[in-house]
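Structural description and commentary
Letter by letter, the chains look like this.
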Amino acid sequence: MAQTGTESSPSVSSRAAAELPTGEEYADLRDRLERACRKIAPHWMSDRVDDLVQVALMKVLRSGKVEDQVEMNNTFLYRIAHSVVVDEIRSHRRRNETGMDPKLPDPVEPSVRTNPEAMTGGAEIGVEIVDCLGQLAQSRRRAVTLYLQGHSVPETGKMLGFSDKKAENLVYRGLADLRACLKKKGLEP
Amino acid sequence: MSLKRLREAFASAFDSLDPEDEVLEQCPDPDVLYNAYHGMLTAAELAEVTDHMARCPVCAEAYRLARNTPPPASERVSGPDRH
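Residues numbered from 1 in each chain as written. Chains lettered and ligands numbered in written order. Predicted model: local features only at pLDDT ≥ 70, side-chain atom pairs only at ≥ 80, totals over all residues.

Turning next to the confidence of the model for chain B. Residues and elements named next belong to chain B. Per-chain confidence: chain B averages 82 in pLDDT, with 76% of residues scoring 70 or above. Looking at the elements of chain B, mean pLDDT is at its lowest for helix α2 (residues 21–25), recorded as 54, and at its highest for helix α3 (residues 30–37), recorded as 96. Ignoring residues within four places in sequence, the model shows residues 75–79, a span with pLDDT below 50, making 13 contacts including any to other chains. Per the prediction output, this complex has pTM 0.79; the corresponding ipTM is 0.83. (pLDDT = per-residue confidence, 0-100. Helix = DSSP H or I, 4+ residues; strand = E, 2+ residues; numbered from the N terminus. Contact = placed C-beta atoms within 7 Å.)

The biggest cluster of nonpolar side chains holds 68 residues, and the ones touching the most others in it are Cys37, Ala56, Ala81, Val85 and Ile129 of chain A together with Leu33 of chain B. The residues contacting Ala56 of chain A, other than those within four sequence positions of it, are Leu33, Cys37, Ile80, Ala81 and Val84 of chain A. (Core = buried A, V, L, I, M, F, W, Y, C linked by C-beta atoms within 7 Å. Buried ≥ 20, exposed ≤ 12 C-beta atoms within 10 Å, placed from the backbone.)

Another aspect to go through is the packing of helix α2 (residues 23–40) of chain A against helix α3 (residues 49–62) of chain A. Residues and elements named next belong to chain A. Close contact between α2 and α3 brings their axes to 9 Å; oriented N to C, the two are set at 125°. When the interaxial angle is binned, α2 and α3 end up oblique. For the pair α2 and α3, the crossing hand works out as right-handed. On α3, the residues that touch Leu29, Arg30, Leu33, Glu34, Cys37 and Arg38 of α2 are Val49, Leu52, Val53, Ala56, Leu57 and Val60. Looking at side-chain class alone, the contact of α2 with α3 contains nine nonpolar, no polar and three charged residues. (Axes fitted to C-alpha atoms, helices over the stretch in contact; angles between N-to-C directions. Parallel < 35°, antiparallel > 145°, perpendicular 65-115°, else oblique. Left-handed = near helix turned anticlockwise from the far one by under 90°. Nonpolar A, V, L, I, M, F, W, Y, C, P; charged D, E, K, R; others polar.)

What follows deals with the packing of helix α7 (residues 138–148) of chain A against helix α4 (residues 43–55) of chain B. The interhelical angle for the contact between α7 of chain A and α4 of chain B, taken along N-to-C directions, is 75°, at an axis separation of 9 Å. Viewed along their axes, α7 of chain A and α4 of chain B adopt a mutual orientation that is roughly perpendicular. Along the contact surface, α7 of chain A presents Arg141, Arg142, Thr145 and Leu146 of chain A, while α4 of chain B presents Ala47, Thr50, Asp51, Met53 and Ala54 of chain B.

All right, on to α4 of chain B then. Since one α-helical turn is 3.6 residues long, residues separated by three or four positions face the same way. Between its terminal C-alpha atoms α4 of chain B stretches 19 Å, which fits the 18 Å expected from 13 residues at 1.5 Å a residue. Along α4 of chain B, the positions that sit buried rather than exposed are Leu46, Val49, Thr50, His52, Met53 and Ala54 of chain B. (Expected span 1.5 Å × (residues − 1).)

The subject of this paragraph is helix α9 (residues 164–184) of chain A. Residues and elements named next belong to chain A. The terminal C-alpha atoms of α9 lie 30 Å apart, and with 21 residues this matches the ideal 30 Å at 1.5 Å per residue to within 8%. Where α9 is concerned, the buried positions are Ala167, Leu170, Val171, Gly174, Leu178 and Leu182. Angular distribution of buried residues about the axis of α9 spans 95°; they occupy a single face of the element. Among the exposed residues of α9, those oriented more than 90 degrees off its buried face are Lys165, Ala176, Ala180, Lys183 and Lys184. Once α9 ends, the next one or two residues include Gly186, with phi positive near 80°. (Arc of directions from axis to C-beta.)

Written out as structure tokens, the structure is:
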């Protein structure tokens, strides 16, 4: 797995600066990046979209692909936007942990919107789910994790290289283990 | 506990769990999470990413955000068919 950080310096290299698009090209690029950032960023980051777009623009300019219209497709721009949003989430978490982000007193909401009833105690249960996942057998943990992330059983099997039958078995048994673990912690509907 | 409730609660862990610094320092590049979601990793690579997501709510959230991105046009290994 790659273990690399991503750049976030606002400066633009002289080489990239020489390739800066002008006029309509720049406006079009900015609009497309803004759409991508708005689509990817979770609700709680909506007031930071302008900053995200600015960082994304810098990344695009630094990529050296500005003049290559073939590379400047939606997939590339969404990749950049996703990377910028994730970097910002990680930075936000670090700032919160060190008390360096006083302007964000509200709790961070996950991207998956839950109803108020589900939110009650949901976060605490989530922490226990993470703990219980760590206690599952490896193959079951992987299958259940992807399943909890929203994938279907066939998708989970395909992604992990298992047959549908094996994936079904792993998810079924893994969920049973997870529920048993939660029950031991007193978490049962 | 219903599947819907489990999925919502797992996503909510992002809000309350303070990931250990050790885990955050080992977080994969956002591109790796994008590739994982879109089935562009091998099964072994995906397994490694999945192991990380199981204990890191921040990366689990980053993976979920990749749902809102278009799939790459090529280089696909395997992965979800819904988009």
